[in-house]
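Take a look at the letters that make up each chain.
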Amino acid sequence: MAVEPLSQKDVEVRLQELPGWSADGDRITRTYSFGGHFPAAAMVIHIAQIQEELDHHAEVVLGYNTVSLAVNTHSVGGKVTDLDLQLARRVEAIAAGHGAR
Ligand SMILES: C[C@H](O)[C@H](O)[C@H]1CNC2=NC(N)=NC(=O)C2=N1
C-alpha cells in the first residue's frame, strides 16, 4: 500500500506513545543527551544502521553530547507518515542501551 501523509491530529495521537518526540511543522523531532561525545557518536552509527534497514533516513545532528533527529517522508512532499513513526520507535528502542536521556 502507498504511504500516505498523516493528519496533524493523527501525528499528535501517535506521538503520545513516543515521549520526548514532538511535531515541529511537518517533521517529528527529538534530541537525546549523553554522558559525553563518544556515546553520542556511537548512537549515531546505530541510528544509521536502522535507517539503512528501513530505507528511511532522518536528519541526524551530532553535538558534543547530544544527538538530534528530525524526520519526514520526502516521497510524499515532506509530510509525516507512518514510516517516520516507525523510525522513531526503532530509535527509541535502542536509546536506553546507549545511555541516552
Ligand atoms: C530511493 C530510496 O529508497 C528513497 O529515496 C528513500 C530513502 N530514504 C528516505 N528517507 C526519508 N525520510 N524519506 C524518503 O522518502 C526516503 N526515501
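Naming follows an unreviewed UniProt entry, where the chain appears as Putative pterin-4-alpha-carbinolamine dehydratase of Streptomyces morookaense. Per its UniProt entry, the chain bears the Sequence similarities (unreviewed entry) comment "Belongs to the pterin-4-alpha-carbinolamine dehydratase family." Entered under Catalytic activity (unreviewed entry) in the UniProt record, the comment concerning the chain runs "(4aS,6R)-4a-hydroxy-L-erythro-5,6,7,8-tetrahydrobiopterin = (6R)-L-erythro-6,7-dihydrobiopterin + H2O".

Regarding the sheet that holds strand β1 (residues 22-24)
Strand order in the open sheet made by the 4 strands is β1-β2-β4-β3, with antiparallel pairing throughout. Sheet topology places β1 and β3 (59-62) at the edges, where each strand pairs with a single neighbour. Averaged over all neighbouring strand pairs, the angle between strand axes comes to 25 degrees, with direction disregarded. Summarising the sheet, strand β2 (residues 27-33) and strand β4 (residues 66-71) pair through 6 bridges and their orientation is antiparallel. Residue pairing in the sheet places Thr 29 in a bridge with Ala 70 of β4. Packing against the sheet, helix α1 (residues 8-15) makes contact with β1 and β2, and its axis sits at approximately 150 degrees to β1.

The rules we used
- Residues numbered from 1 in each chain as written.
- Predicted model: local features only at pLDDT ≥ 70, side-chain atom pairs only at ≥ 80, totals over all residues.
- UniProt positions renumbered as here; feature names shortened; annotations may be inferred.
- Pairing = 2+ DSSP bridges.
- Helix = DSSP H or I, 4+ residues; strand = E, 2+ residues; numbered from the N terminus.
- Axes fitted to C-alpha atoms, helices over the stretch in contact; angles between N-to-C directions.
- Contact = placed C-beta atoms within 7 Å.

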